[in-house]
Amino acid sequence: MTDLSARLPATPAPPPRGWRQRLAPLWHEVSASEQVDGFNARHFRARQILAIVGLLPMVFMGNLVATVTIAATFWGQMPSWALSLWVVLAVLSLVALEKGLRQLVKPTAGKPVADQGGLRGVIWGVAIFAAIWAAIPALMFPITDHLGQLLIASVLVGMMCGGGLILSSIPIAACTYVLVMAGATVLALQRSIYINNVSLLGLLGIWSVTVMGVTMANARMFFSRLRTEAEADRQRQLIDLLLRDFEEHASDWLWEISPTGHFRHVSARLAQSFGMPPRQLVTQSFSELVSAMLPRELPDALVAFEQLQTHLRLGRPFRDLELPVRVDGQLRWWSLMAKPLFDDRGRAAGWRGVGADVTQGRIARDEMARLANVDALTGLANRHCFSLELARACASFETSQRGCALLFVDLDNFKGINDSLGHAVGDQLLRSVAARIKACVAPGDLLARLGGDEFALLSWQAGDEASATELGDRLLAALATPCQLEDVRVEVRASIGMALAPRDGTSPQALLQSADLALYAAKAGGRNTHRFFEPLMGESARARARMQQELGVALADEQFAVHYQPQISTRTGQVVGFEALVRWQHQERGLIGPNEFIPVAEETGQIVPLGTWVLRQACRAAMQWPAPIRVAVNLSAVQFRSHSVVDIVEQALADSGLPPERLELEITESALIDDHEGAHATLAALRSRGLRVALDDFGTGYSSLAYLRRFPMDQLKIDGMFVRSLATDPDAQAVVTAIISLAKALRLETTAEGVEHEEQQVMLRALGCDLVQGFWLARPMPAADVAAFLARTEPVREIRVY
């Protein structure tokens, strides 16, 4: 396999770096420049010079000793005037150097500074001073003896080492000094006749390099310290600036206390937060000040203050400690955080922290907590709050023998009021009802609005059945008086379901279910009453739940069948129609009548698909009968209010081919009372398509004459309740007579159902009823038996569907 790396072009080597490029980083480390140090470069140069100035007194003493020693040793070996001139020049050069160095540094309001030109002056001054001392070996070395040369060499070595170290803050000056001294020594050795100058030259070179290396190392440490100090100073200035801006503009405030608990510094923001002058704040400890500001009527205040004292006493850092205080007579909330301070020996040195006024946030948080537990419309507890309290009550049953009562209060006619008079009136009614119920509630009990027109009352004062009954009676009495809402007088009634704990349940879910079942029983028992939970209610609810589940399966599997009961004309004796009655062919229970499962289907909404299926089956069956036989289909209130009812009827007619005039739809009065405008539009749409409409069970509901006047009808159905007692009850006779007379006046047809005896048929014919149906005439039959029945009777005109 060929190595792919061999095919790749070689990476070009970087160009060789010159000695200046290699030395540039080192030079930047030991010198000050605007490129690297910015505005600090001038201050660094001044620090370089001042570092040398600080050592000049010691340098002066050392040079004075060396000068006197040299002069005394070589006096007489060279002209006295020359030696005296050298001494004068040595002293004057050192004095001039010291004076010049001090003049190079310019004091400013902040820090001393020096220009780049000042360093060049230092280098020249050092070079001149070194040259003056370099004259000694150059002039004296050739003419002195061995001891004199040894003295000169010792002095020069000491001067070279000492000068290099003293000048190390300015490494270029130090190197210049060492090189000048080393150069003069080399010249002296070249003129010496006593010493092997080759070995000495080597040692001199090594020594010079060593001194310059040490000088550069000292210079690097010197500049590293300068730059570290500058960075620390920059950060300190930044922190001071931020703290100053924080104290002037932020809502928070800084605080720092000594080990005795007194403020070390009081800012204007701190004094404003405490509402006290700075002088007063420094005279008392932090704990004393806060203690005097506590609103002791609030339990949270003492608890929070104890937490603060505990943290301060134990030396534990803390944060987000909320503390209520009273400042200038107003309740404020502070949030404190702090950490302890320690000295260099680890001893406690006080505290430093931040305080913030969080009053607005606390108010907003408290308001949110209140809204989370309060119903906005009535001001009562809401479902969330009620659920929490009910859970706490149930948890206490294990440790306490105290029972309680749970009451569900539901308004009977709120929906009609809300829809007819508007939501504004509905809201006023709910507030009025809440106030009336609240007036009946004992202190310590909890009243809540769960939603809509449903209220819940958890009462510990009515923990037994007698007390709960009395409470329920009071509630019904309080709601019996009509409510005057602006210019509307509204009568309101309520149903109440009651459950006792722990008798009817020890868990929130069990109690809620028990009270809900009792409420359902109160509504089923005629409304405007109260009922206690009974175990049979649970069985009934479970049976309804089972039936609801089984209804869904039955719809999917089409376990239903439609039976047809004939309707006969009292005038001709002919069969004019059939009423279709839906039956449920249950897999286990056999044939189930509509009275058992239709109410459950209406509650769950399953009546809509079931009614649609019955309608289609009836239309298809009617097409098998001779014309003009008609079929009537009963629509429940839920079906009738559906927006798609007209489309469903049209589709059933289209699929079966049944003419519209052969279909009659029956509705009950309950389908008309909630939405007058919508009901009128639906009836008009159905009748405009040629269908007949009958009002079923007339006389058992509201039976308002306004319905007959406002809504287009074709027939009135007389309920079997009146027909069954027709022969024995004069009141029933009067009702049937009135209905038939009213129908004739309005040009409506009448049908009496539930005819079970021949006497009833005779009386209905005598009263002028148009059609009759019942077991006396024929029982409901499957569709397959209708043809045979028709063959045995006269031609018929109508079939009716349940």
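About the criteria used
- In this numbering scheme, every chain counts its residues from 1 along its sequence in written order.
- Local features in this predicted model are restricted to residues whose pLDDT is 70 or higher, and side-chain atom pairs enter the listing and the counts only when it is 80 or higher, whereas totals over whole chains, interfaces and linings include all residues.
- The basis for every side-chain value is the complete set of non-hydrogen atoms in the structure, without hydrogens or water.
- Runs of H or I in DSSP of at least four residues are treated as helices and runs of E of at least two as strands, each being numbered from the N terminus.
- Two things to know: the radius of gyration comes from C-alpha atoms, and the globule rule equals 2.2 Å times the number of residues to the power 0.38.
- With a 1.4 Å probe rolled over the protein chains alone, any residue whose accessible area is under 20% of its type maximum counts as buried; one over 50% counts as exposed, and the rest are partly exposed.
- Throughout, a contact is declared for two residues whenever any of their heavy atoms are within 4.5 Å.
- Per-residue and other accessible areas follow the Shrake-Rupley method at a 1.4 Å probe size, with only the shown protein chains counted as cover for residues.
- Two strands qualify as a pair provided that DSSP identifies no fewer than 2 bridges between them.
- Each axis is a line fitted through C-alpha atoms, taken for helices only over the stretch in contact, and angles between the N-to-C directions span 0 to 180 degrees.
- Take the buried residues of types Ala, Val, Leu, Ile, Met, Phe, Trp, Tyr and Cys, join any two whose side-chain atoms come within 4.5 Å, and each joined set is a nonpolar core.
- Crossover handedness is defined here as right-handed if the route from the first strand over the helix to the second strand goes clockwise, with the strands pointing away from the viewer.
- Every residue is assigned a pLDDT by the predictor, reflecting its confidence on a scale from 0 to 100.
- As used here, the arc belongs to the directions running from the helix axis to the C-beta atoms.
- Classification of ring pairs uses Phe, Tyr and Trp, with its six-membered ring standing for Trp, and accepts pairs whose centres are within 6.5 Å; under 30 degrees between planes counts as stacked, over 60 as edge-to-face, and the remaining range as tilted.
- A pair is scored as a salt bridge if a Lys or Arg side-chain nitrogen falls within 4 Å of a carboxyl oxygen belonging to Asp or Glu.
- For the purposes of these results, a polar contact is taken to be a pair of N or O atoms within 3.5 Å, where, inside protein, one atom must be able to donate a hydrogen and its partner to accept one; residues adjacent in sequence count only when each atom of the pair is a side-chain atom.
- In this scheme, patches are assembled from residues that exceed 30% relative accessible area and form no salt bridge. Like charges are connected within 9 Å, while nonpolar side chains (Val, Leu, Ile, Met, Phe, Trp, Tyr) are connected within 5 Å.
- Any angle that falls under 35 degrees is termed roughly parallel, while one over 145 is termed roughly antiparallel, one within 65 to 115 roughly perpendicular, and all others oblique.
- Should the near helix be turned anticlockwise from the far one by less than a right angle, the crossing is termed left-handed; should it be turned clockwise, right-handed.
- In this classification, the charged set is Asp, Glu, Lys and Arg, the nonpolar set is Ala, Val, Leu, Ile, Met, Phe, Trp, Tyr, Cys and Pro, and all remaining amino acids, among them Gly, are polar.

## Things to note about the overall build of the chain
Looking only at helices and strands, the chain has 31 helices and 22 strands in total. At 56 Å, the chain has a C-alpha radius of gyration far larger than the 28 Å of a compact globule built from 802 residues. On the principal axes, the C-alpha backbone points of the chain span a range of 175 × 85 × 50 Å. When the 802 residues of the chain are sorted by exposure, 45% land in the buried category. Long-range pairs, those at least 24 residues apart, make up 65% of the contacts in the chain between residues at least 6 apart in sequence. Carbon and sulfur atoms make up 58% of the accessible area of the chain, which amounts to about 41100 Å² in all.

## A short note on the sheet that holds strand E7 (residues 454-459)
Reading across from one edge, E6-E7-E5-E10-E11 is the order of the five strands in this open sheet, with mixed pairing throughout. Lying at the two open borders of the sheet, with one neighbouring strand each, are strand E6 (446-451) and strand E11 (530-532). Each neighbouring strand pair of the sheet contributes to a mean axis angle of 20 degrees, computed without reference to strand direction. Sheet topology places strand E5 (residues 404-411) next to E7; six bridges connect them, and they run antiparallel. Bridge assignment links Asp410 to a residue of E7, and that residue is Glu454.

## Concerning the nonpolar core
One finds Phe597, Trp625 and Leu663 to be the most contacted residues of the largest nonpolar core, which totals 76 residues. Apart from the residues within four sequence positions on either side, Phe597 is in contact with Met547, Leu551, Phe560, Val582, Arg583, Trp584, Ile592 and Leu610. One finds Ile123, Ile136, Val155 and Cys175 within the second-largest nonpolar core, a separate group that totals 54 residues.

## Concerning the pairing of strand E19 (residues 749-752)
Taken together, the four bridges between strand E18 (residues 715-718) and E19 define a ladder with parallel strand orientation. By the bridge assignment for E19, Leu716 is matched with Thr750. Bridging between E19 and strand E20 (residues 771-772) involves two bridges; their strand directions are parallel. Within E20, the residue paired with Ala752 across the bridge is Val772. Handedness of the crossover joining E19 and E20 through helix H30 (residues 758-767) is recorded here as right-handed.

## Looking at the confidence of the model for the chain
The share of residues in the chain with pLDDT of 70 or more is 91%, and the mean pLDDT across the chain is 83. For the chain, the element scoring lowest by mean pLDDT is strand E22 (residues 799-801), at 40; E20 scores highest, at 94. The low-confidence segment residues 795-802, where pLDDT is below 50, has 67 contacts with residues more than four positions distant or belonging to other chains.

## A closer look at the sheet that holds strand E3 (residues 330-342)
Reading across the sheet, the four strands line up as E1-E4-E3-E2 and stay open at both edges, with antiparallel pairing between neighbours. The open sheet is flanked by strand E1 (253-257) and strand E2 (318-327), the only strands paired with a single partner. Taken pair by pair, the neighbouring strands of this sheet meet at an average axis angle of 30 degrees, ignoring direction. Alignment of E3 against strand E4 (residues 348-357), held across nine bridges, turns out to be antiparallel.

## Here we look at helix H16 (residues 414-421)
Buried residues of H16: Phe414, Ile417 and Asn418, and no others. For H16, the angular spread of the buried residues around the axis is 95 degrees, confining them to a single face. Exposed side chains of H16 directed beyond 90 degrees from the buried face belong to Lys415 and Ser420. Turning to H16, the residues buried within the fold contact E5, helix H17 (423-439) and strand E9 (488-490). Looking one or two places after H16, you find Gly422, whose phi comes out positive at around 105 degrees.

## A few points about the packing of aromatic side chains
Scanning the entire structure with this criterion turns up 17 aromatic pairs. Ring geometry for Trp253 and Phe274: centres 5.6 Å apart, planes at 65 degrees, overall edge-to-face. Taken together, the residues Trp253 in strand E1 and Phe274 in helix H10 (residues 268-274) connect sequence positions 21 residues apart. Relative accessible area serves as the criterion here: at 0%, Trp253 is assigned to the buried category. Residue classification places Phe274 among the buried residues on the basis of a relative accessible area of 2%.

## Topic: the pattern of salt bridges
This model, assessed by the stated rule, comprises 30 salt bridges. Of the charged contacts in the structure, one is a salt bridge between Arg449 and Asp375, with a shortest N-O distance of 2.9 Å. One end of the pair, Arg449, is in strand E6; the other, Asp375, is in the loop between helix H14 (359-373) and helix H15 (383-395), and 74 residues separate them in sequence. The class for Arg449 is buried, based on a relative accessible area of 13%. For Asp375, a relative accessible area of 11% gives the class buried. Because the salt bridges share partners, they merge into one network encompassing Asp300, Glu322, Arg362, Arg365 and Asp366.

## Some words on the environment of Trp253
Considering only alpha carbons, one finds Trp253 and Ala268, 15 residues apart in sequence, at a separation of 9.1 Å. A polar atom in the side chain of Trp253 sits 3.0 Å from the side chain of Ser273.

## Some thoughts on a nonpolar patch on the surface
Taken together, Phe60, Met61, Leu64, Val68 and Val95 make up a surface patch of nonpolar side chains, about 420 Å² in accessible area. When residues in the nonpolar patch are grouped by element, the largest group, four residues, is from helix H4 (residues 56-74).

## Topic: H30
For H30, every residue scored as buried is listed here: Gln760, Gln761 and Leu764. The buried side chains of H30 occupy one side of the element, clustering within an arc of 100 degrees when seen end-on. Positive backbone phi, approximately 100 degrees, marks Gly768, located one or two places after H30.

## Here's the deal with the pairing of E2
Summarising the sheet, E2 and E3 pair through eight bridges and their orientation is antiparallel. Within E3, the position partnered with Leu321 by the bridge is Leu336. Where E2 hands over to E3, the hairpin turn is made up of two residues, of which Asp328 adopts a positive phi near 55 degrees.

## Examining the packing of helix H5 (residues 80-104) against helix H6 (residues 116-140)
At a minimum axis distance of 10 Å, the contact between H5 and H6 shows a crossing angle of 165 degrees. What the angle tells us is that H5 and H6 run roughly antiparallel. Note that H5 runs across H6; the crossing there is left-handed. In contact with Trp86, Leu89, Ala90, Ser93, Leu94, Leu97, Leu101 and Leu104 of H5, H6 contributes Gly118, Val122, Gly125, Val126, Phe129, Ile132, Trp133, Ala135 and Ile136. Across the contact of H5 with H6, the residue classes tally to 14 nonpolar, three polar and no charged.

## Brief notes about the environment of Ala51
By secondary structure assignment, the location of Ala51 is in helix H3 (residues 41-53). Taking the C-alpha atoms as reference points, Ala51 and Phe222, 171 residues apart in sequence, are found 9.6 Å from one another.

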